[in-house]
Amino acid sequence: MNIITSFRKPDSRKTVLLVAAFLIVWAICTLMSRLWLVPQQRNFDFFPRWYGARIMLHGDNPYDVAATEELLVKEDLNDIYSPWGRFFYYPAWITYLLLPFWLLPFPLSVSIWTGLQLTLSMIMPMLLIFYVRRHPSPLLLAAVVLLSTVGFYHTVNVFVLGQFMMLVLIGLLAAWWFTINEKPWLAGLALVFVTVRPEGMVFAAMFIVGLLLDRRYKEVGIFTGMMVGLVLISFAHIGFWIPDFVSGILIYGDTGEVAFIPSLLGSPVLKFTFIAGMFGWGGWLWWSVRNIPPAERLLWQMAAVIVLALLLLPQAQDYSLAYTLLPIWFCLLLDLRHASNLIILACLMLASWVFALAETPLFVQQISLPLALGILITIHRLENHHLPRLQSSGTE
């Protein structure tokens, strides 16, 4: 039996209109990026991925520093990127997953890419809201979209830098959607795209744990098969690259550009207590939602995993905080009846601009937002808030 029994399948005409609307918005965002962003911004985080993938397409190791240096000199960008900001850092299989972007000239490629990030930040909350409420208020939609884009500093930062967070989020949401609608092949494929960033691998692994607990072995097998295939192809292409990949991650961790929140607490006792407490909180939340229908349970689990990852994994700069969009949207949907819930979340999002403009120490930003969301998630759980549509339509 389909988990979502009350949700009507969209007719083909509506689907075509939705796809057309998405492409139009993407084209507008791409044009805006090409005319405004690209001429002003040279230090794109997308660039090391672009040239690393092109190096790999020529059969060379993208983690080779010598190859990187040669290309930077050729592009007259050697003075733009810091010594630690020019490495590939990402898993080699992104060369295959995002192949069209690497084949295009960089100005066009980054314009399309950044346009996509901005478009995804608009449509993801709209799709979630429409899914939970058939006829949402236009004011609610407008408020959430504005807050999720220009109202949230970390979304703008991802757009300006050409980062990959929105791809990870849409991959998670697509994997959730295809899972609850019994489309295991598409769920597995969506989850593969979550692994484009190192922390995305953690998100994908925990999503797999959730699927295993739900005895969804087909989705797990499909995802595993796809990943094994990608890894073996990359080994055949450039050799055994994993040691170079891990070495690059470790080198970046030693540059001082990465913050590990527990280590900032100073005392080993406080550090251990914080880590144990966060794992305990995550374990409690996963246990408390075990009897909730899978359609909603997976969202609780994803929200908790993102909060835990941001607090317990090393964070590079503050753009990783863009991942908090998913817990924010989820907290909003848990209580659409009370304006106070939206106001609290709006304040959290707008506060990101206050922190950025006031040049607040980075670790304050990195710890305050995930902790605040963890508290909100806990309150919603203790008050037994649910997504009504998923509760009424879900089955175990």
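Because the structure is predicted, anything quoted here is derived from the model rather than measured. Within every chain, residues take consecutive numbers counted from 1 along the sequence as written. Reporting of local features is limited, given that this is a predicted model, to residues whose pLDDT is at least 70; pairs of side-chain atoms are given and counted only at 80 or more, and all residues count toward the totals for whole chains, interfaces and linings. Side-chain descriptors were evaluated using all non-hydrogen atoms of the structure, hydrogens and water having been removed beforehand.

A. Representation of helix H18 (residues 362–382) in the model. In this description a helix means any DSSP run of H or I spanning at least four residues, a strand means any run of E spanning at least two, and both kinds are numbered starting from the N terminus. By this rule the span expected of a helix is its residue count minus one, scaled by 1.5 Å. Given a rise of 1.5 Å per residue, 21 residues ought to cover 30 Å, and the 31 Å separating the end C-alpha atoms of H18 matches this to within 8%. For every residue, the accessible area obtained with a 1.4 Å probe (protein chains only) is divided by the maximum for its type, and the residue is called buried under 20%, exposed over 50%, and partly exposed between those limits. Within H18, the full set of buried residues consists of Gln365, Gln366, Leu369, Pro370, Ala372, Leu373, Gly374, Leu376, Ile377, Thr378, His380 and Arg381. A positive backbone phi angle near 60° is found at Asn384, which sits one or two residues after H18.

B. How the structure looks around the side chain of Gln315. Following the sequence through the fold, Gln315 ends up in strand S2 (residues 315–316). Polar contact is the term for a pair of N or O atoms within 3.5 Å; when the atoms are in protein, one must be able to donate a hydrogen and the other to accept it, and sequence-neighboring residues count only if both atoms are side-chain atoms. There is a polar contact of 3.5 Å between the side chain of Gln315 and the backbone oxygen of Gln366.

C. Region of the structure containing the packing of helix H14 (residues 268–288) against helix H15 (residues 294–312). Think of each axis as a best-fit line through the C-alpha atoms, taken over the contacting stretch in the case of a helix, with angles from 0 to 180 degrees between the N-to-C directions. Their axes nearest at 10 Å, the elements H14 and H15 cross at an angle of 175°. Judged by the angle between their axes, H14 and H15 are roughly antiparallel. In this structure, H14 uses Phe274, Ile275, Met278, Phe279, Trp281, Gly282, Leu285 and Trp286 to contact H15, whose residues at the interface are Trp300, Gln301, Ala304, Val305, Val307, Leu308, Leu311 and Leu312. Residues were grouped as follows: Ala, Val, Leu, Ile, Met, Phe, Trp, Tyr, Cys and Pro as nonpolar; Asp, Glu, Lys and Arg as charged; and all remaining residues, including Gly, as polar. A breakdown of the residues in the contact of H14 with H15 according to their chemical character gives 14 nonpolar, two polar and no charged. When describing relative orientation, an angle under 35 degrees is termed roughly parallel and one over 145 degrees roughly antiparallel, while 65 to 115 degrees is termed roughly perpendicular and anything else oblique. A contact between two residues is defined here by any heavy atoms of the two lying within 4.5 Å.

D. The packing of aromatic side chains, seen in detail. Geometry of aromatic contacts follows a simple scheme: Phe, Tyr and Trp rings, the Trp one being its six-membered ring, pair when their centres are within 6.5 Å, and the pair is stacked under 30 degrees between planes, edge-to-face over 60, tilted otherwise. Under the criterion given, the structure shown has 22 aromatic pairs. Following the ring pairs from residue to residue traces out a cluster consisting of Phe44, Phe46, Phe47, Trp50, Tyr51, Tyr90, Phe101, Trp102, Phe106, Trp113 and Phe164. Here, a charge over a ring is recorded when the distance from Lys NZ or Arg CZ to the ring centre is within 6 Å and its angle to the ring normal is within 35 degrees. Its end group placed over the ring of Tyr90, Arg49 keeps NZ or CZ at 4.5 Å from the ring centre. Positioned over the ring face of Trp300 is Arg381, at 5.4 Å from the centre of the ring.

E. Broad picture of unusual backbone geometry. Its identity as a non-glycine residue notwithstanding, Arg215 has a phi of 60°, on the positive side. Mapped onto the secondary structure, Arg215 falls in the loop between helix H11 (198–213) and helix H12 (217–238). Positive phi values are uncommon outside glycine, yet Asn384 reaches one of about 60°. Within the element layout of this structure, Asn384 appears in the loop between H18 and helix H19 (388–393). By relative accessible area, which is 47% here, Asn384 ends up partly exposed.

F. Up close: the confidence of the model for the chain. When pLDDT is averaged across the chain, the result is 86; 87% of the residues are at 70 or more. Here residues 1–8 scores under 50 on pLDDT; set against residues more than four positions off or in separate chains, the count is 27 contacts. Predicted confidence is poor over residues 391–396, with pLDDT under 50, and the contacts of this stretch with residues over four places away or in other chains come to 20 contacts. For every residue, the pLDDT score states the predictor's confidence, bounded by 0 at the bottom and 100 at the top.

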